[in-house]
Amino acid sequence: VVEKEIMQLRVILQSIEARERERTWLRGKVLGEFDDNKIVDLAIGEKNVFKRRGQREDHSFLQALPKRLSFVVDVSGSMAVFNGDGR
């Protein structure tokens, strides 16, 4: 009955896990590719106007320990739509 929803949730969680391992642009470097967003900074003499691909250095936003999700589902029928008109 809920196999489709379980698969959707599994895909979402797997994509989040893959995104954690994904390489990103590391901005504000002295070497690498020129960062187009820093063109004004380059004009005023800033040195950190390059970007490189790599692993994100700041992992403070990631959760260190695995978390457990619990779902509570009301299947009693008390939340059903009455008379088909949504009241």
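Now for a look at the structure at hand. Here the residue index of a chain counts from 1 through its sequence in written order. Note on the predicted model: pLDDT of at least 70 is required for a residue's local features to be given, and 80 or more for side-chain atom pairs to be given and counted; whole-chain, interface and lining totals, by contrast, use all residues. No hydrogens and no water enter the side-chain calculation; it runs on all heavy atoms of the structure.

## Points about the overall build of the protein
Then, in step 1: In terms of regular secondary structure, the protein is built from two helices and three strands.
Then, in step 2: Starting at the N terminus, helices and strands are each numbered in turn, a helix being any DSSP run of H or I of at least four residues and a strand any DSSP run of E of at least two. Written out in order from the N terminus, the α and β elements of the protein read α-β-β-α-β.
Then, in step 3: Expressed as a percentage of its 87 residues, the buried residues of the protein come to 8%.
Then, in step 4: Method for areas: the Shrake-Rupley scheme with a 1.4 Å probe, in which residue coverage is limited to the protein chains shown. Within the structure as shown, the protein displays about 8,200 Å² of accessible surface, and the carbon and sulfur contribution to it stands at 57%. For each residue, the accessible area found with a 1.4 Å probe, counting protein chains only, is set against the maximum for its type, and the residue is called buried under 20%, exposed over 50%, and partly exposed in between.

## Let's talk about the packing of aromatic side chains
Then, in step 1: When two rings of Phe, Tyr or Trp (its six-membered ring) have centres within 6.5 Å they constitute a pair, described as stacked for plane angles under 30 degrees, edge-to-face for angles over 60, and tilted for the intermediate range. Applying the stated criterion across every chain yields a total of one aromatic pair.
Then, in step 2: The criterion for a charge sitting over a ring is simple: Lys NZ or Arg CZ within 6 Å of the ring centre, and within 35 degrees of the ring normal. The residue whose ring lies beneath R53 is W25, and the NZ or CZ to ring-centre distance is 5.2 Å.

## Quick notes on the pattern of salt bridges
Then, in step 1: Criterion for a salt bridge: a side-chain nitrogen of Lys or Arg within 4 Å of a carboxyl oxygen of Asp or Glu. Scanning the model with the defined rule gives two salt bridges in all.
Then, in step 2: Linking D35 and R27 is a salt bridge whose minimum nitrogen-to-oxygen distance equals 2.9 Å.
Then, in step 3: The exposure class of D35 is buried, given its relative accessible area of 1%.
Then, in step 4: You can call R27 partly exposed: its relative accessible area is 44%.
Then, in step 5: One salt bridge connects D41 with K38, and the closest N-O pair in it is separated by 3.7 Å.

## Notes on the sheet that holds strand β1 (residues 24–29)
Then, in step 1: Reading across from one edge, β1-β3-β2 is the order of the three strands in this open sheet, with antiparallel pairing throughout. Lying at the two open borders of the sheet, with one neighbouring strand each, are β1 and β2 (33–34).
Then, in step 2: When DSSP finds two or more bridges between a pair of strands, those strands are recorded as paired. Where β2 meets strand β3 (residues 50–54), two bridges bridge the pair, whose relative direction is antiparallel. When the sheet's bridge partners are listed, F34 is paired in β3 with F50.

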